[in-house]
Amino acid sequence: GSWSAKSLGQLFINYVENQRKPMIEALEQSRHFSPPVSIEQKARLAEEFLSLGNQTGEGWFLTAEMLELLHDGVPNIVCVQPFACLPNHVTGKGIVGTLREHFSQANITAIDYDPGASEVNQVNRLKLMLTNAFASLKKE
């Protein structure tokens with residue numbers, strides 16, 4: 001894009017990060033929660049696996065969120081896909097196999113929540129994911 005669009009985008013990112021600062025400082029003091037990483041750090045995580053030019057809905061951000069969780073030691077991830085969200089289907093489901101190859105402990109499942117998805121299928125997918133999580137926990 002143009003220089004002005006980039007500058008405006010960076011200005012907005014700086015504004016959002018400034019607004020998040022009190023929350024991040026509070027989370028840094030917590031024994032139970034971790035502060036979120038910046039969007040730049042998320043981008044660095046994601047660019048190892050896909051192009052940051054990926055503009056399909058959540059695009060690279062969904063991948064970055066899963067990578068942040070995996071790097072923080074959270075291997076069990078439910079990727080909820082609302083209302084036939086095609087970008088989420090493409091990016092979310094498309095990257096899961098690659099993440100599993102790079103993170104052997106990754107237990108990621110995508111669950112569709114739209115009118116065409118049956119509740120039984122949703123519950124069964126979640127139960128299977130939890131079964132795998134408990135099996136991995138027993139191995140440790």
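Numbering of residues starts from 1 in each chain and follows the order in which that chain's sequence is written. Residues qualify for local features only when their pLDDT is at least 70, as the model is predicted, and side-chain atom pairs are given and counted only at 80 or more; totals for whole chains, interfaces and linings, by contrast, use all residues. Values reported for side chains reflect all heavy atoms of the structure, with hydrogen atoms and water molecules removed beforehand.

1. Brief notes about the overall build of the protein
Defined as follows: The way it works is that DSSP assigns letters per residue, a run of H or I at least four long becomes a helix, a run of E at least two long becomes a strand, and they are numbered from the N terminus. Residue burial is assigned from relative accessible area. The probe radius is 1.4 Å, only protein chains are included, and a residue is buried under 20% of its type maximum, exposed over 50%, and partly exposed in between. Any two residues whose heavy atoms approach within 4.5 Å are treated as being in contact. Calculation of accessible area relied on Shrake-Rupley with a 1.4 Å probe; when residues are assessed, cover is drawn exclusively from the protein chains displayed. When charges are counted, Lys and Arg are positive and Asp and Glu negative, with His and the chain ends excluded. A charged residue contributes its charge at one atom only: NZ of Lys, CZ of Arg, CG of Asp or CD of Glu.
Secondary structure assignment for the protein yields five helices and two strands. Projected onto its principal axes, the C-alpha coordinates of the protein cover approximately 50 × 40 × 30 Å. Sorting the 140 residues of the protein into buried and exposed places 28% on the buried side. For the protein, contacts bridging at least 24 residues in sequence account for 51% of all contacts bridging at least 6. Just so you have it, the protein exposes about 9500 Å², and 58% of that area is on carbon and sulfur atoms. Between the mean site of the 12 positive side-chain charges and the mean site of the 15 negative ones, the protein shows a separation of 5 Å.

2. Quick word on the environment of valine 80
Within the secondary structure, valine 80 is located in strand β1 (residues 76-82). Separated by 30 residues in sequence, valine 80 and alanine 110 place their C-alpha atoms 5.9 Å apart. Residues contacting valine 80, with those up to four places away along its chain left out, are Asn88, Ile111 and Tyr113.

3. Regarding the packing of helix α2 (residues 39-46) against helix α3 (residues 60-71)
Here is the rule we go by: Axis lines are fitted through C-alpha atoms, for helices just across the contact stretch, and the angle between N-to-C directions can take any value from 0 to 180 degrees. Angle categories are assigned with fixed cut-offs, so that under 35 degrees is roughly parallel, over 145 is roughly antiparallel, 65 to 115 is roughly perpendicular, and the rest are oblique. Charged means Asp, Glu, Lys or Arg here, nonpolar means Ala, Val, Leu, Ile, Met, Phe, Trp, Tyr, Cys or Pro, and polar covers whatever is left, Gly included.
Running from amino to carboxyl end, α2 crosses α3 at an angle of 90°, the nearest separation of the two axes being 8 Å. In terms of axis orientation, α2 runs roughly perpendicular to α3. The residues of α3 that touch α2, namely those facing Ile39, Lys42, Ala43, Leu45 and Ala46, are Trp60, Phe61, Ala64, Glu65, Leu67, Glu68 and His71. Looking at side-chain class alone, the contact of α2 with α3 contains eight nonpolar, one polar and three charged residues.

4. Digging into the confidence of the model for the protein
Short version of the rule: pLDDT measures the predictor's confidence residue by residue and takes values from 0 up to 100.
For the protein, the mean per-residue pLDDT works out to 88, and 93% of the residues sit at or above 70. Taken element by element, the protein is modelled with least confidence in helix α4 (residues 86-102), mean pLDDT 81, and with most confidence in helix α1 (residues 3-29), mean pLDDT 94.

5. Quick look at the pairing of β1
Inclusion rule: Only when DSSP finds a minimum of two bridges between them are two strands counted as paired.
The alternating pattern of β1 places Ile77, Cys79 and Gln81 on a buried face and Asn76, Val78, Val80 and Pro82 on a face that is not buried. Pairing analysis gives seven bridges linking β1 to strand β2 (residues 107-113), with the strands arranged parallel. Note on β2: the bridge partner recorded for valine 78 is threonine 109.

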